[in-house]
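Structural characterization, general
One letter stands for each residue in the lines below.
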Amino acid sequence: MLWRQILRRLAIGVPVVLGATILNFILVNAAPGSPLNSLVDPEAGPAVRKQMAERLGLDRPLPVQYGSWLWNALHGNLGFSYENNRPVLDNILERLPATLLLAGTAMVLAYLVGIAIGVVAALRPYGRIDAASSVVGVLGISIPSFILGLLLIYVFALKLHILPAGGMQTLGATGNGGLLQHLVLPVVSLAIFDLAIVTRYTRASMLEVLTEDFIRTANGKGLSALRVVVRHALRNALTPLVTLAGLSLPSLFGGAVVVEVVFQWPGMGQLAVNSVLARDYPTLLGLSLVFSVLVVVGNLIADICYTLLNPKVRDE
Amino acid sequence: MSSSTIETATSVPSAPRGTGSRSAVLRSIVRNPTAVFGAVVVLVIVLATVFAGPIAPFSPETINLNLAHSAPGHGHLLGTDPQGRDVFSRLLFAGRASLVIGIGAVLVSLVIGIPLGALAGFFGGWLDAIISRVTDVVLSFPIIVLAVVAGAVLGTGVWSLILLLGCILWTTICRLVRSIVITQREADYVMAARSLGASDLRIIVRHILPSTFGVIIVNAVFGVANVILIEASLSFLGLGVRPPTPSWGNMLTDAQSLGVLASQPWIWVPPAAIILLTIVSINFLGDGLQKALDPRLRNR
Amino acid sequence: MPTLDVEHLSVTFGSGSQAVKAVEDVSFVLHPGETLAVVGESGSGKSVTALAIMRLLPQHSSSVGGAIVFDGKDLLRMRRGELREIRGNRIAMVYQDPMTALNPAMTVGAQLVETMRAHGVGTARDRRARAVELLTQVGLPDAPARVEAYPHQLSGGMRQRVMIAMALACGPDVILADEITTALDVTVQAQILELLARLSREHGASVIFITHNLAVVARIGDYVQVMYAGQIVERAATVELLGNPLVPYTLGLLASTPRLDEDRSDRLSTIPGEPPNPRQRPAGCRFASRCRSRHELCDTELPPLIQAPTAAEPHEVRCWGLMPGEGTGWLLDEEKEDAQ
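These figures come from a predicted structure and were not determined experimentally.

Rules used throughout
Residues numbered from 1 in each chain as written. Chains lettered and ligands numbered in written order. Predicted model: local features only at pLDDT ≥ 70, side-chain atom pairs only at ≥ 80, totals over all residues. Heavy atoms only, no water. Helix = DSSP H or I, 4+ residues; strand = E, 2+ residues; numbered from the N terminus. Buried < 20%, exposed > 50% of the residue type's maximum accessible area, 1.4 Å probe, protein only. Contact = heavy atoms within 4.5 Å. Areas by Shrake-Rupley, 256 points an atom, 1.4 Å probe, with all protein chains shown as cover. Lys, Arg positive; Asp, Glu negative; His and termini not counted. Charge placed at Lys NZ, Arg CZ, Asp CG, Glu CD. Pairing = 2+ DSSP bridges. Axes fitted to C-alpha atoms, helices over the stretch in contact; angles between N-to-C directions. pLDDT = per-residue confidence, 0-100. Core = buried A, V, L, I, M, F, W, Y, C linked by side-chain atoms within 4.5 Å. Salt bridge = Lys/Arg side-chain N within 4 Å of Asp/Glu carboxyl O.

Description of the overall build of chain A
Looking only at helices and strands, chain A has 14 helices and zero strands in total. In sequence order, chain A lays out its α and β elements as α-α-α-α-α-α-α-α-α-α-α-α-α-α. By its C-alpha atoms, chain A is 85 × 55 × 35 Å across when sized along the principal axes. Counting only residues that meet the buried cut, chain A has 50% of its 316 residues in that class. Of all intrachain contacts in chain A linking residues separated by at least 6 positions in sequence, the fraction that spans at least 24 positions is 72%. Split by element, the accessible area of chain A, about 14,700 Å² in all, is 67% carbon and sulfur. Charge centroids of chain A, computed over 22 positive and 17 negative side chains, lie 10 Å from each other.

Right, here's the structure in full:
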């Protein structure tokens, strides 16, 4: 039954990924100005342009271009970057770990801290921690990650000099090159938004669960307050959060793009922005494919976790 | 049987039912300090940008390289940017772009999202399936990536941005309307209307949609805040509003240089502060509206 | 030496003008091995009394007065730590709605073991075995398999049995059963009642059995106390009360209980009217507005709970009509007439 759910989710995911790539393909080709302009010397005659066009397959009808791109993609060939002529897949894979590290850490941070604060806020509603966290919460969803990033750089790197202002590693340093230090500010900038949302959702979910009858039963059994809160209340309050996690992936990756630019973090986001500015369409298409796949896989994992958490769903 | 009532502040945000009288809504907002703060600040900002013409001491686009990078003083309230343009004036005019895009995009998303959501919810079946799949595709996409790609394509005028962001954001409203319509379509009053011969269209528009207005309004308000946030990010990256047209976001592009960031705070602090203030205020207002429109929350 | 001694218990919800007295000056005593049935309609305060004993009422919106003495200590004044040792262990409660009273994310066996572990019953392996044993005792078929089941995989009747097993897990001295059969259908009801009666006998536990259904009382109670609008209005041994009901409210309850041997064509008799609004209770007898035998005194003064003069056995009643004296006792003559 678990396998059936996975298959079903995959089956839905495939058209989503395809749809996303088609959408991007259309957009990319609707762009004014052909990529040829940046690839071919403007002085060169029309024959050279035509040759280039043929070589790149740009003279074929669009659906055919898409079809061949898709076919190649399924075989692991995402074409070659217009920028540096390397295989797109290689370019992307090179940067994938950096983005996953950034986004993954941010997500873990947001959820661990957010759940903790949300639980405390729910246990003492309208108390000090609750009030404070709700104000901070509004700020958290209101501040664009790039502004937060700039502020953090200003305070911690430029004024206090305790953290680096960008990049992923310190040149010439030993070990992992001070990765942790470089990770702090970008992760915080990225995580704040989701942290605010998770705190709010956890609080609401916990408040709802705490009114359920089985909490009264648990208290009536003489269980410790910790056990009631964690094993009975939180355990049941977590299920909607898992769905939330899956749904927040697109915005997480979106935020990562901006944060990577601000902090010069060598990930896929930075690649995306550079590719746009350079009109590097194969890379853009490849990136859109990878992002879609990541989101679909992420939702799949969220679904699996949901099934694990919620016994009722397993028997359907 | 026992009358114990443990007040719950809220469940996971759900559709507010029956908005209650308009005066009750207003009263609830007025009693809410953060909502009032939000409303006042938003009003001030809107007025400032609308009257930017008369208020601003300089034109936002006049380049004066002699005075580039200068600190506040000499008639420039907030100093000048790297092109010698007056920061204060640019700040005022930039608000226009951000606010117009914010409101415009939300309107577009409503125009697309409400009908689609109502149709999907009311008729179900394959129509629902198609609309939901399309929603999934758009939603599964990191907004920024989509906007980045499309921004490169559609050009950078304010109108193209409005269209672009509206076309990305209709999905939330669509889903909301759809879920409300689904719960409402089996309701008694719908059956009553149908038995009186009302057409489907009439039922949807006159009977069901009004119950969605509360949710839509709240969502629209939060949507404006969201769009302003996204637009700022895009403009910052150079993919949104392009200079010389000022936008709060693109006023911050210069801050990417560590030199500017470290020693010329007048260039980036004002736009950053304004963006933050605007978005926070709109969110406070939205929160206040949400509480006012949801009867359960009102008594708190 | 009574197991449980409830003295002048009162429970108030809310405060100021919104205050509601759910339970007012309720006192009773429970002896070892005894089953006390508490009968009353919705709003009578019977469930609140049980929740007050377990101190499960919401802290912020309720205030509890009086004393509840268990094992020499007042439960109402106990610190949280001591209270936790008693709950689920020496005093256990079974709740009304089996569908929502169990944690949907834990297996039934885990919830049983959890209780035992919290109170140090046996070793880990013992507990698991004991869980299976308990489920068998409560009549759950195929107990070894059921132990791994989740609540949603069981029917209402089975879940209620699990709840009873959970209450018995640590061998409590007192079991509070709050309308445990109300949410079940009739055939299952009978089984659950019998189960509870048998198990409490076997385990030597006292039971407070709360119900709105007087018919059930005959099967399970040694003693009955009838509550109305937050107060006790009649109390006696079951046999005595059912054989010799005195207070008008109780008479009304009994009359409105359908009987198999009645002529079906008669209309079901009911008690006219409704219980008073808890926020605005009358100064006098709470039942006055619905009582056939009402006199002026009933509207102005609250009758005390006294031993009924016409009863040979211990039998407490709260009714001016049953109290000998000047201007009272009008029902006593009728009693004498009935007796003749």
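Now that the structure is up, let's keep going.
So, the pairing of strand β1 (residues 4–13) of chain C
Residues and elements named next belong to chain C. The element β1 is extensively covered by neighbouring structure, given that seven of its ten residues are classed as buried. In this structure, β1 lies alongside strand β2 (residues 20–30), joined through seven bridges in antiparallel fashion. Residue pairing across strands places F13 opposite V20, the latter belonging to β2. Hairpin connection of β1 to β2: six residues between the antiparallel strands, including G14 at a positive phi of 75°. Relative to strand β4 (residues 62–70), β1 is paired through eight bridges, and the arrangement is antiparallel. Across the sheet, the residue bridging to F13 is S62, located in β4.

Observations concerning unusual backbone geometry
All names here are of chain C. With a phi angle near 50°, D25 is a residue other than glycine that sits in the positive phi range. Turning to its location among the elements, D25 is positioned in strand β2. Although it is not a glycine, E179 sits at a positive phi angle of roughly 45°. With respect to the helices and strands, the residue E179 is situated in the loop between β7 (174–178) and α7 (186–203).

A few points about the sheet that holds β1(C)
Residue and element names in this part refer to chain C. What the four strands build is an open sheet, ordered β2-β1-β4-β5; its pairing is antiparallel. This sheet does not close on itself; its edge strands, each paired only once, are β2 and β5 (73–74). Contacts from helix α1 (residues 46–54) reach β1, β2 and β4 within the one sheet, and its direction differs from that of β1 by about 110°.

Notes on the sheet that holds strand β3 (residues 35–39) of chain C
Residue and element names in this part refer to chain C. Read across the sheet, eight strands follow the order β6-β7-β8-β3-β9-β10-β12-β11 without closing on themselves; strand pairing throughout is mixed. Lying at the two open borders of the sheet, with one neighbouring strand each, are β6 (91–94) and β11 (306–307). Summarising the sheet, β3 and strand β9 (residues 223–228) pair through four bridges and their orientation is parallel. Bridge pairing in β9 links L36 to Y223. Contacting β6 and β7, helix α6 (residues 156–168) crosses the sheet at an angle of about 175° to β6.

A word on the environment of C:G109
Checked against the element boundaries, C:G109 lands in helix α3 (residues 108–118). In the structure, C:G109 is positioned 33 residues away from C:D142 in sequence and 13 Å away in space, judged by C-alpha atoms.

Considering the confidence of the model for chain C
Residue and element names in this part refer to chain C. When the pLDDT values of chain C are averaged, the result is 88; 96% of them are 70 or greater. Here helix α12 (residues 330–339) stands out as the least confident element of chain C, with mean pLDDT 68; β6 is the most confident, with 95. The ipTM assigned to the predicted complex is 0.87, against a pTM of 0.84.

What to know about the nonpolar core
The biggest cluster of nonpolar side chains holds 152 residues, and the ones touching the most others in it are A:F146 and B:L252. At 14 residues, the largest contribution of residues to this core is made by helix α10 (residues 213–237) of chain B. In contact with B:L252, not counting residues within four places along its chain, are A:F146, A:I147, A:L150, B:F236, B:W268, B:P271, B:A272 and B:I275. Residues C:A22, C:V132, C:L134 and C:L199 belong to the second largest nonpolar core, which totals 79 residues.

Concerning the environment of A:A278
Residue and element names in this part refer to chain A. For A278, the location among the structural elements is in the loop between α12 (268–277) and α13 (281–309). Take A278: its relative accessible area is 22%, and that puts it in the partly exposed class. Taking the C-alpha atoms as reference, A278 lies 8.4 Å from Y82; in sequence the two are 196 residues apart.

Describing the pattern of salt bridges
Under the criterion given, the structure shown has 20 salt bridges over all chains. A salt bridge links A:R203 to A:D130; the nearest nitrogen and oxygen atoms lie 2.8 Å apart. Here A:D130 lies in helix α6 (residues 128–142) and A:R203 lies in helix α8 (residues 179–210), a separation of 73 residues in the sequence. Across the salt bridge formed by C:E202 and C:R198, the nearest N and O atoms sit 3.4 Å from each other. In this pair, C:E202 and C:R198 are both assigned in helix α7, four residues apart and thus about one turn of the helix distant. What you see here is one network of salt bridges that share partners, running through A:K221, A:R227 and C:E114.

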